[in-house]
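Coordinate analysis (summary)
Residue strings, one per chain:
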Amino acid sequence: MLTIINPANEQVITQIEEDTPDVIAKKFSDACRLQKTWAKTRLDERLCAIIRFRDLLVEQADSLATTLTLEVGKPISQSNNELAGVLDRIDFFVKETARVIGDEIVLDDPQKQLKEKITHEPLGVIANVSAWNYPYFVGANVFIPALLTGNAVMYKPSEYATLTGLAIGRLLHQSGIPDGIFTVVVGDGKVGAEMLSCRFSGIFFTGSYKTGKTIMQSSAGRLSKIQLELGGKDPVYVCEDVDIEAAAASIADGAFYN
């Protein structure tokens, strides 16, 4: 069982059963089977589902923010800010997807009866292993464009943001994303490692350098697309002509916020 604890007072919020290897294998098999149908679904239908998801985020923002604060520990103001901020990100993906995945004509020569074009195909089934600190913001960077472009997603939230991960899954299913096209995998790092033993077409991870290195090593030889956003304090270059006091405050905020 996975115990969900409120970090503010260390009280147990609830306990949730973790996914077993058999459950994970079944979820992956279902995703592989259903993805082909999802890829053939018209783009406007996929867009409508994501727009409905956005609407539900707005409608249920108060309860979603409360859940996020209870399990992650960030102030309620920051939870509200994250939910508000992710809306513009969703709008961007909704606006740009058709343009980005549209066919590109490279050559069209009727006289030679020759036409060449570049098309964009879904990867297939992808793994999205997300971070605890911005489960909406960071997760949406992956699962929104992945779903819009015809992929199935197995979403593994951090064990410290499990309830939020389950809420994301519930809202996506209510919005019209089929169960199996977006699937939440529940558990700690061991469960995540078990999930990543499946042969995903893409793996998108946000978290620690140590775990990212392990994912890269374990996935070597599969030719899967891998994208890693890893933790650590980034160096900052401060130009001579800036307001030093403002820059210092901004850098400190960036390093220690949340």
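Structural data are supplied above this passage.
Here is a short report on the structure shown in this document.

A contiguous nonpolar surface patch, about 390 Å² in accessible area, is contributed by Val236, Val238, Val242, Ile244 and Ile251. Within the fold, valine 238 resides in the loop between strand S9 (225-230) and helix H9 (244-256). According to the relative accessible area criterion, valine 238 is partly exposed, its value standing at 38%.

We now examine the nonpolar core. Formed by 58 residues in total, the largest nonpolar core has its most connected members in Leu57, Phe143, Leu147, Phe182 and Phe200. At 8 residues, helix H5 (residues 135-148) tops the list of elements feeding residues into this core. Aside from chain neighbours lying at most four places away, what touches phenylalanine 143 is Phe53, Asn128, Val153, Tyr155, Ile168, Leu172 and Phe182.

What follows concerns the packing of aromatic side chains. All chains considered together, the criterion is met by 7 aromatic pairs. Measuring from ring centre to ring centre gives 6.2 Å for tyrosine 134 and phenylalanine 137, while their planes differ by 45°; the resulting arrangement is tilted. Under the relative-accessibility criterion, tyrosine 134 is labelled partly exposed at 22%. Assessed through its relative accessible area of 25%, phenylalanine 137 is described here as partly exposed. Ring centres of phenylalanine 143 and phenylalanine 182 lie 5.4 Å apart, and the angle between their planes is 70°; on these two criteria the pair is classed as edge-to-face. Taken together, the residues phenylalanine 143 in helix H5 and phenylalanine 182 in strand S7 (residues 182-184) connect sequence positions 39 residues apart. Put simply, the rings of Phe53, Phe143, Tyr155 and Phe182 pair up and form one aromatic cluster. Cation over ring: arginine 89 sits above phenylalanine 137, and NZ or CZ is 3.8 Å from the ring centre.

Before going further, it helps to spend a moment on the pairing of strand S8 (residues 202-207). Every other side chain in a regular strand lies on the same face of the sheet, so the side chains alternate between the two faces. Buried residues dominate S8, accounting for 5 of its 6 residues. Across 4 bridges, the pairing between strand S5 (residues 125-129) and S8 is parallel. Across the sheet, asparagine 128 pairs through a bridge with phenylalanine 204, a residue of S8. Of the strand pairs in this sheet, S8 and S9 are connected by 6 bridges, and their pairing is parallel. Directly across from threonine 206, in S9, lies its bridge partner glutamate 229. Handedness of the crossover joining S8 and S9 through helix H8 (residues 209-218): right-handed.

Counting through the fold element by element, leucine 68 comes out in helix H3 (residues 61-72). Between the alpha carbons of leucine 68 and alanine 255 there is a distance of 21 Å; along the sequence they are 187 residues apart. Aside from chain neighbours lying at most four places away, what touches leucine 68 is Gly73, Lys74, Ser79, Glu82, Pro135, Tyr136 and Thr164.

Trans is the common state for peptide bonds, and a negative phi is the common state for residues other than glycine. Positive phi, close to 50°, is recorded for glutamine 113, a residue that is not glycine. For glutamine 113, the position within the fold is in the loop between strand S3 (104-109) and strand S4 (114-118). With a phi angle near 60°, leucine 223 is a residue other than glycine that sits in the positive phi range. Within the fold, leucine 223 resides in the loop between H8 and S9.

Look at H3: 16 Å from first C-alpha to last across 12 residues, which is about the 16 Å you get at 1.5 Å a residue. For H3, the set of buried residues is Ala61, Leu64, Ala65, Leu68, Thr69, Glu71 and Val72. Summarising the contacts, the buried residues of H3 are in contact with strand S1 (2-6), strand S2 (11-16), helix H2 (43-59), helix H4 (76-101), H5 and helix H6 (162-175). Where H3 terminates, the next one or two residues include glycine 73, which has phi positive at roughly 100°.

Procedures and definitions
- Residues numbered from 1 in each chain as written.
- Predicted model: local features only at pLDDT ≥ 70, side-chain atom pairs only at ≥ 80, totals over all residues.
- Heavy atoms only, no water.
- Patch = residues over 30% accessible without salt bridge, like charges linked within 9 Å, V, L, I, M, F, W, Y side chains within 5 Å.
- Areas by Shrake-Rupley, 256 points an atom, 1.4 Å probe, with all protein chains shown as cover.
- Salt bridge = Lys/Arg side-chain N within 4 Å of Asp/Glu carboxyl O.
- Helix = DSSP H or I, 4+ residues; strand = E, 2+ residues; numbered from the N terminus.
- Buried < 20%, exposed > 50% of the residue type's maximum accessible area, 1.4 Å probe, protein only.
- Core = buried A, V, L, I, M, F, W, Y, C linked by side-chain atoms within 4.5 Å.
- Contact = heavy atoms within 4.5 Å.
- Phe/Tyr/Trp six-rings, centres within 6.5 Å; stacked < 30°, edge-to-face > 60°.
- Lys NZ or Arg CZ within 6 Å of the ring centre and 35° of its normal.
- Pairing = 2+ DSSP bridges.
- Right-handed = clockwise from strand over helix to strand, strands pointing away.
- Expected span 1.5 Å × (residues − 1).

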